[in-house]
Amino acid sequence: MAFYERIREYREQLEITQIEASRRLGIDHSVLSKYERGDLSIPIELLHKFMVEYGIPEKEFLEMLIGTRSKRNNPGLEARESRERYLESFQEEYVSQLIPLKEFRELVIDVITVSPDEKERRRLLQHKRKNH
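Cut-offs used in this document
Residues numbered from 1 in each chain as written. Predicted model: local features only at pLDDT ≥ 70, side-chain atom pairs only at ≥ 80, totals over all residues. Heavy atoms only, no water. Phe/Tyr/Trp six-rings, centres within 6.5 Å; stacked < 30°, edge-to-face > 60°. Helix = DSSP H or I, 4+ residues; strand = E, 2+ residues; numbered from the N terminus. Buried < 20%, exposed > 50% of the residue type's maximum accessible area, 1.4 Å probe, protein only. Arc of directions from axis to C-beta. Contact = heavy atoms within 4.5 Å. Core = buried A, V, L, I, M, F, W, Y, C linked by side-chain atoms within 4.5 Å. Axes fitted to C-alpha atoms, helices over the stretch in contact; angles between N-to-C directions. Parallel < 35°, antiparallel > 145°, perpendicular 65-115°, else oblique. Left-handed = near helix turned anticlockwise from the far one by under 90°. Nonpolar A, V, L, I, M, F, W, Y, C, P; charged D, E, K, R; others polar.

Caption draft 1: Spatial organisation of the packing of aromatic side chains. Under the counting rule described, the total for this entry stands at five aromatic pairs. Ring centres of Y35 and F50 lie 6.5 Å apart, and the angle between their planes is 65°; on these two criteria the pair is classed as edge-to-face. Of this pair, Y35 sits in helix α3 (residues 29-37) while F50 sits in helix α4 (residues 44-54), and the two are 15 residues apart along the sequence. When the ring of F90 is compared with that of Y94, the centres are 4.9 Å apart and the planes differ by 40°; the resulting orientation is tilted. Of the two residues, F90 and Y94 both sit in helix α6 (residues 75-98), four residues apart, roughly one turn of that helix.

Now the structure itself:
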């Protein structure tokens, strides 16, 4: 599997969108899309940023670069651990800055406590507004 395919696979394993990933990498999402399709070569100076932002362990990143894959004992567990590392770094970088803001805390409470019926009602209302 080519590096560009593995980097896309890794992003998908983290369950993050191209838009979120591109913002973390400091590039346009259309450029990331081209990298992930192999339409554009990833500049060497951006490689390290992929490793850091995606939280890819060095050994695994080197394997991705040279095109080898070591046997994994438990790929599902490793995927969850990668996702946890990513979310932890995301929280440290972004969420910790928002927690002191009362508006953020209120928003979190609203999101968590809104019933499924209310969520559907709000979604329909937004859809109705967009169509008018």
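Caption draft 2: Region of the structure containing α3. Among the residues making up α3, those that are buried are L32, S33, Y35 and E36. The buried residues of α3 occupy an angular sector of 160° when projected down its axis, which confines them to one face. As for α3, its buried residues are in contact with α1 (3-14), α2 (18-25) and α4. In the stretch just after α3, G38 is the one whose phi turns positive, near 85°.

Caption draft 3: Seen up close, the side chain of R24. Structurally, R24 can be placed in helix α2. Residue R24 is classed as buried on the basis of its relative accessible area, which comes to 8%. With near-sequence residues (within four places) excluded, R24 lies in contact with K49, E53, Y86, S89, F90, E93 and Y94.

Caption draft 4: Highlighting the nonpolar core. Ranked by internal contacts, the top residues of the largest apolar core, which has 20 residues, are I7, L32, I42, F50, Y54, I56 and F61. For this core, the secondary-structure elements that each account for two or more residues are α1, α2, α3, α4 and α5 (58-66). Counting residues per element, this core draws most heavily on α4, which supplies five residues. When neighbours within four sequence positions are excluded, I42 is seen to be in contact with F3, I7, Y35, L47 and F50.

Caption draft 5: Expanded view of the packing of α1 against α4. The N-to-C vectors of α1 and α4 enclose an angle of 20°; their axes lie 11 Å apart at closest approach. Considering their axes alone, α1 and α4 lie roughly parallel with respect to each other. Handedness of the α1/α4 crossing: left-handed. On the side of α1, the interface is formed by F3, I7, Y10, R11 and L14, while α4 contributes L47, F50 and Y54. Per-class residue counts for the contact of α1 with α4 are seven nonpolar, no polar and one charged.

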